[in-house]
Amino acid sequence: MTMRETEWRRKAKDVGQEHLFAFWDDLALDQRDMLLAQLASIDLDSVPTLVEKYVRNKPDFSPGGASIEPVNDYPNDHTNPRRAWDRAHYHALGEEMLRRGEVAAFTVAGGQGTRLGYDGPKGCYPGSAVRGRPLFECLSRWLVGAEKRYGHAVPWYIMTSPLNDEATRAFFSEHRNFGLDAANISFFQQGVVPSFDAASGRILLSDRHVIATNPDGHGGSLKALYASGALADMRGRGVRHISYFQIDNPLARAVDPVFLGLHAHAPDSSAQMSSKMVAKTEPGEKVGVFATIGGKVGVIEYSDLPGELASRRRADGSLVFNAGNVAIHALGVEFVEGLSRAGAGLPYHRAEKKVPHIDLETGRRVEPSAANGIKLETFVFDAISMCDASLVYETDRVDEFAPIKNASGSDSPQSSALLQTERAARWLESAGVRVPRKADGSPDCVLEIDPARAMRAEDLR
């Protein structure tokens, strides 16, 4: 028995997971190395705590007895008497941040296109309405446009997963980085956590020499920024703020001067973490809701928001708790760095799932017909409650939110193309262009506007 094997056997036994070596004697040398390497990538010391807190128990993320009030957001209509504000002022401040090179773009892109029937990283999926540009290119065009406009490159950090990292890098190389300088693009992988057996708390094996794991969620992106050296790289470049968005939304503004200006300079912002919202379409829409919880801004999952609050309306008929979370944020580099250095990890959320695994008695693979496992993940919005002060900025759903998540129906390529076309139509009409529309008011055409040519409607005039 080698010293390395002895050490890992002891560590696994100390945390009640010695079964991970159940098939050791039957493994080839390279398989043994693979198992030990995977063990080294997992924080085994935290396993007993995870099992006790999240497997044997179910944490309650509902607001409980805390006071819940609607968030005091910055309305999309800056002349709204509820809260008027100077859009031009914050737009100018945000543009100055971009000219000084203080902003980096950060995309969470660890997912595969499986739900879309696509074999490959989701970011490689054709996402734009006319040209069918890959989602990565849809977002890259904002950065191309920003560099031309502001005379300073916006470095782009892309978080992949162990499953798609190699394919993502190859895709960028094949497409010559979509016109961006490779020196300004950084890839790093998100972390993983073990998947647990719900009954015993044991870590599951997906093969005799492979630990069953799952990505640690978009909340793991903050830890990965620090561990990968991305934050240190940002520091070296003079970057102070991060524009965060996910890969599945081709309408996401990779850099938005108005939002950045608000985040960094608004009097009620600590410049630590800010968020965008869209107004919910109806009480039951399955999106998290921004609210003031116990005096601090946070997000309540749609399943945890009491029904009475979810359906409460103002005199004009609009929902009181209408601030839907669209996973677009701005983060201060110093804030993310501080969380990581202090070890202030985000809480895990528990999901009961069907997890294929190896039966420890027979060595055979089991494909469960019902939920048998516990998967843990973290959510980036949980960091909002750790801020000294956090603001929320309302944006127009048509202008910035057309996700591609499903093969058909809502949040599909078809629904996204309709929203992309509607935004382009509105922009063109604001510039005096006549756009043909059907009897129901929808555009009688398919349109796409390249962000490298126009980053807002005013640019078309």
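Conventions and cut-offs
Here the residue numbering is sequential within each chain, running from 1 through the sequence in written order. For a predicted model such as this one, the threshold for reporting local features is a pLDDT of at least 70, and the threshold for listing and counting side-chain atom pairs is 80 or more; totals across whole chains, interfaces and linings nevertheless cover every residue. Here the side-chain values reflect all heavy atoms present in the structure, with hydrogen atoms and water set aside. Two strands pair if DSSP finds at least two bridges between them. Working definition: helices are DSSP H or I runs of at least four residues, strands are E runs of at least two. Numbering for both runs from the N terminus. Salt bridge criterion: a side-chain nitrogen from Lys or Arg within 4 Å of a carboxyl oxygen from Asp or Glu. Throughout this description, buried means an accessible area under 20% of the type-specific maximum (1.4 Å probe, protein chains only), exposed means over 50%, and partly exposed covers the range between. To form a nonpolar core, buried Ala, Val, Leu, Ile, Met, Phe, Trp, Tyr and Cys residues must be joined to one another through side-chain atoms within 4.5 Å. By definition, residues are in contact when any of their heavy atoms lie within 4.5 Å. Only the stretch in contact is used when fitting a helix axis, every axis being a line fitted to C-alpha atoms; angles between N-to-C directions are given from 0 to 180 degrees. Our angle categories are set so that under 35 degrees counts as roughly parallel, over 145 as roughly antiparallel, 65 to 115 as roughly perpendicular, and the remainder as oblique. Note that Gly is not counted as nonpolar here; it falls among the polar residues with everything else outside the nonpolar set of Ala, Val, Leu, Ile, Met, Phe, Trp, Tyr, Cys and Pro and the charged set of Asp, Glu, Lys and Arg. A 1.4 Å probe that fits into a set of points on a 1 Å grid over the protein atoms alone but cannot get out defines a cavity; an open set with protein on both sides within 12 Å along at least five of seven lines defines a pocket, and lining residues are those with an atom within 4 Å of a point. Grid points are joined across faces, edges and corners, and a volume is the space filled by probe spheres set on the points. Two cysteine sulfurs form what is called a disulfide whenever their separation falls within 2.5 Å. As used in this structure description, the phrase polar contact means that two N or O atoms lie within 3.5 Å; if the pair is within protein, one of them must be able to donate a hydrogen and the other to accept it, and residues adjacent in sequence are counted only when both atoms belong to side chains.

## Points about the sheet that holds strand β18 (residues 373-378)
Each strand in a sheet pairs with another by means of backbone hydrogen bonds, the pair being arranged parallel or else antiparallel.
Move 1: If you walk across this open sheet you meet the 3 strands as β6-β18-β15, and the pairing is antiparallel. The open sheet has two free edges, formed respectively by β6 (196-197) and β15 (348-353), since each of these has just one partner strand.
Move 2: Relative to β18, β6 runs antiparallel, the two sharing 2 bridges. Bridging from a neighbouring strand, Asp197 pairs with Gly373 of β18.

## Digging into the pattern of salt bridges
Move 1: Per the counting criterion, the structure on display carries 34 salt bridges.
Move 2: Arg82 is the salt-bridge partner of Asp73, the closest N and O atoms lying 3.2 Å from each other.
Move 3: Residue Asp73 is classed as buried on the basis of its relative accessible area of 3%.
Move 4: Arg437 is the partner of Glu422 in a salt bridge, and the nearest nitrogen-oxygen pair spans 3.1 Å. Pair noted here: Glu422 is in helix α13 (residues 413-430) and Arg437 is in the segment after α13, with a separation of 15 residues, a long-range link.
Move 5: Given the relative accessible area of 16%, Glu422 is considered buried.
Move 6: One network of salt bridges, in which partners are shared, links Glu95, Glu96, Arg99, Arg100 and Glu102.

## Some remarks on the nonpolar core
One broad rule of soluble globular proteins: the nonpolar side chains tend to lie buried together.
Move 1: Ranked by size, the top nonpolar core spans 38 residues in total, and within it Phe136, Leu143, Trp156, Ile158, Phe172 and Val255 carry the most contacts.
Move 2: For this core, the secondary-structure elements that each account for two or more residues are α4 (87-99), β2 (103-108), α5 (135-150), β3 (156-160), α6 (165-174), β4 (185-189) and β14 (323-332).
Move 3: Core analysis: the next-biggest nonpolar cluster, separate from the first, contains 35 residues, Met273, Val336, Ala383 and Val392 among them.

## Examining helix α11 (residues 333-341)
Because an α-helix packs 3.6 residues into every turn, residues spaced three or four apart end up facing the same way.
Move 1: All of the buried residues along α11 are Val333, Phe335, Val336, Glu337 and Leu339.
Move 2: As for α11, its buried residues are in contact with α7 (220-227), α8 (230-237), β10 (241-246), β11 (273-279) and β14.

## Some details on the packing of α7 against α11
Move 1: Two numbers describe how α7 lies on α11: the axes approach to 9 Å, and their chain directions differ by 90°. One element, α7, and the other, α11, form an angle in the roughly perpendicular class. Of the residues in α11, those in contact with Leu222, Lys223, Leu225 and Tyr226 of α7 are Val336, Glu337, Leu339, Ser340 and Arg341.
Move 2: For the contact of α7 with α11, the per-class residue count stands at 5 nonpolar, 1 polar and 3 charged.

## What about empty space enclosed by the protein?
Move 1: This structure, assessed with the given rule, holds 3 cavities of 30 Å³ or more.
Move 2: Approximately 160 Å³ is the volume attributed to the largest cavity.

## Points about the state of the cysteines
Move 1: One pass over the structure, following the stated rule, counts 0 disulfides.
Move 2: Left unpaired, Cys445 is separated from the closest cysteine sulfur, that of Cys138, by 18 Å.
Move 3: Cys445 sits in the partly exposed class, given a relative accessible area of 26%.

## Brief notes about the environment of Arg133
Move 1: With respect to the element layout, Arg133 can be found in the loop between β2 and α5.
Move 2: Along the sequence, Arg133 and Asp459 sit 326 residues apart, while their C-alpha atoms lie 21 Å from each other.
Move 3: Ignoring anything within four residues of it in the chain, the contact list for Arg133 reads Tyr125, Pro126, Gly127, Ser128, Cys138, Arg141, Glu448 and Asp450.
Move 4: In terms of polar contacts, Arg133 uses its side chain to reach the side chain of Glu137, at 2.9 Å.

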